[in-house]
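What follows is the residue order along each chain.
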Amino acid sequence: MNSMTRYSPVLVLAMLAGCGSELAPEAVTATTPSAETAAVPEPTPAPAPAEEATPDAQARGQAAMREFGDRLRNELRAAMSQDGAAGAVSFCHDQAPRIADEVMATHGVRLGRVAVAGRNRNPGNAHGGWQGELLDSFQRAVNTGGAPESQMAVIRDDVPAGVELRMARGIRVEAACLMCHGDNIAPPIAERLAALYPEDRATGFLEGDLRGLVWVEVPSTTEARP
Ligand code: HEC
């Protein structure tokens, strides 16, 4: 039998990071019933060139990424306990995009997740041009031993007018993701996925693979800030 169909407590807790992704793995493994305290680091801007450093925009981007991850985790936890794993598929379908919308409105940024080329589940999560280049470079780093979740980019040059900076972080495939993204998907989950995503290309991943990236685009203006 496929062991992924039995939800050990560890697996279920790890799943709570679910459809999610942008969560750092330490947040996944440290998730406890009081998860709001779990490994959510303060925004610590990565080292940036001194000229043109824009810590405020970077902090906003990081705060948005973090809130996106926290909300996916917390709300998916509720969906899991209420509806089980197959229900969580519907949660990812219905609520992940809504959560992204709300986080974007709150922080005045654009944000989302994209899959590595050709491996998206939701057609809307195929990468755009700039994300594709980053995915390529993240993938090269992973191929030579880098950790997917350690891949991070902050881009200030060659951004479109009106954009102050773009950020992205790699997403690692965790063991818990395999029940919905691996090779051996339990029938109730597979059926739900097939119904919602007839062109699903987001299965067959292995633990430790690069799944995609979470991206944020911070506009030059701050008009949408609360
Ligand atoms: C309960 C099933 C389920 C689990 C578990 C799950 N996902 Fe997903 N995942 C989905 C669904 C459904 C979507 C499509 C969401 C949408 O329509 O926007 C998705 C979409 C994604 C996307 C967006 C790109 C795309 O292909 O559409 C990423 C990235 C992702 N998942 C990563 C992960 C990672 C990493 C994990 C483990 C931490 C994980 N998922 C666990 C069901 C799941």
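This one's a predicted model, so the numbers in the text were calculated from it and none came from an experiment.

Calculation notes
- Residues numbered from 1 in each chain as written.
- Predicted model: local features only at pLDDT ≥ 70, side-chain atom pairs only at ≥ 80, totals over all residues.
- Heavy atoms only, no water.
- Helix = DSSP H or I, 4+ residues; strand = E, 2+ residues; numbered from the N terminus.
- Polar contact = N/O pair within 3.5 Å; in protein donor to acceptor, adjacent residues only side chain to side chain.
- Contact = heavy atoms within 4.5 Å.
- Near = heavy atom within 4 Å.
- Nonpolar A, V, L, I, M, F, W, Y, C, P; charged D, E, K, R; others polar.
- Core = buried A, V, L, I, M, F, W, Y, C linked by side-chain atoms within 4.5 Å.
- Buried < 20%, exposed > 50% of the residue type's maximum accessible area, 1.4 Å probe, protein only.

Novice: What should I look at first to understand the side chain of N120 in this one?
Specialist: Structurally, the position occupied by N120 is in the loop between β1 (110-115) and α4 (129-143). A distance of 3.2 Å separates a polar side-chain atom of N120 from the backbone oxygen of N122. Once residues within four sequence positions are removed from consideration, N120 is found in contact with A115, N125, A126, E199, D200, R201 and A202.

Novice: Can you walk me through the site of the ligand in this structure?
Specialist: Taken together, 26 residues form the shell around the ligand, and within it R121, C177, C180, H181 and Y197 come nearest. R121 has a polar backbone atom sitting 2.6 Å from an oxygen atom of the ligand. In the model, an oxygen atom of the ligand is placed 2.9 Å from a nitrogen or oxygen of the N122 side chain. Every element with two or more residues in the shell around the ligand is listed here: α3 (55-107), β1, β3 (163-172) and α5 (178-181). Split by residue class, the shell around the ligand holds 14 nonpolar, seven polar and five charged.

Novice: Hey, could you run me through the nonpolar core in this one?
Specialist: Nonpolar side chains tend toward joint burial in soluble globular proteins. By size, the foremost hydrophobic cluster in this structure holds 24 residues, and its most contacted members are F68, L76, F91 and L111. Looking at this core, the elements that each hand over two or more residues are α3, β3 and β4 (210-219). The element that contributes the greatest number of residues to this core is α3, accounting for 16 residues. V114, W130, L178 and L210 belong to the second-largest nonpolar core, a separate cluster that totals 16 residues.

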